[in-house]
Amino acid sequence: MATLIDAVEQYVPLPDRAQLEYDFMYILKNALNTLKIEEKIYMLQDLILRETIRLNISATDWQEALEKATGILL
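Here is a short report on the structure shown in this document. (Residues numbered from 1 in each chain as written. Predicted model: local features only at pLDDT ≥ 70, side-chain atom pairs only at ≥ 80, totals over all residues. Heavy atoms only, no water.)

1. Section: the nonpolar core
One broad rule of soluble globular proteins: the nonpolar side chains tend to lie buried together. Residues Ile5, Val8, Val12, Leu14, Leu20, Phe24, Trp62, Ala65 and Leu66 constitute the largest nonpolar core, which totals 9 residues. Looking at this core, the elements that each hand over two or more residues are α1 (4–9), α2 (17–37) and α4 (62–71). Here this core takes 3 residues from α4, the largest share from any one element. When near neighbours in sequence (up to four residues on either side) are disregarded, Val12 contacts Ala59, Asp61, Trp62 and Ala65. (Core = buried A, V, L, I, M, F, W, Y, C linked by side-chain atoms within 4.5 Å. Buried < 20%, exposed > 50% of the residue type's maximum accessible area, 1.4 Å probe, protein only. Helix = DSSP H or I, 4+ residues; strand = E, 2+ residues; numbered from the N terminus. Contact = heavy atoms within 4.5 Å.)

As structure tokens, then:
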């Protein structure tokens, strides 16, 4: 099963995969806390809509790829 990091790695070289995994977990944990504060639990199907999918986006490094991948969801 492919992961989000595997998908990012297809397009951007990752100098520190472990750090990216940590950053993803940190972002997701904070997002979960925010969702709990709003007292509505969102499912992935609630967030991934036609409006939140972007194709053929380029990035110069993994940080930019992460910003572009998560920015639309925020």
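2. Structural notes on a nonpolar patch on the surface
A surface patch of nonpolar side chains, amounting to about 430 Å² of accessible area, comprises Leu44, Ile48, Ile53 and Leu55. Tracing the backbone through its elements, the reader meets Leu44 in helix α3 (residues 44–47). The class for Leu44 is exposed, based on a relative accessible area of 58%. (Patch = residues over 30% accessible without salt bridge, like charges linked within 9 Å, V, L, I, M, F, W, Y side chains within 5 Å. Areas by Shrake-Rupley, 256 points an atom, 1.4 Å probe, with all protein chains shown as cover. Salt bridge = Lys/Arg side-chain N within 4 Å of Asp/Glu carboxyl O.)

3. Re α4
Quick reminder: α-helices carry 3.6 residues per turn. Residues three or four places apart thus point the same way. Burial in α4 covers these residues: Trp62, Ala65 and Leu66. Buried residues of α4 fall within an arc of 100° about the axis and therefore sit on the same side. Capping the start of α4 is the job of one residue whose side-chain oxygen sits 3.3 Å from the backbone nitrogen of Gln63: Asp61. (Arc of directions from axis to C-beta. Polar contact = N/O pair within 3.5 Å; in protein donor to acceptor, adjacent residues only side chain to side chain.)

4. Overview of the pattern of salt bridges
Counted by the stated rule, this structure contains 4 salt bridges. Among the salt bridges present, the one from Arg17 reaches Glu9, with a minimum N-O distance of 2.6 Å. Arg17 gets classed as partly exposed once you look at its relative accessible area, which sits at 28%. Among the charged side chains, a salt-bridge network with shared partners connects Asp6, Glu9, Arg17 and Glu21.

5. Considering the environment of Glu9
Inspection of the secondary structure puts Glu9 in helix α1. With 56 residues separating them along the chain, Glu9 and Ala65 place their C-alpha atoms 9.6 Å apart. Among residues more than four places away in sequence, those in contact with Glu9 are Leu14 and Arg17.

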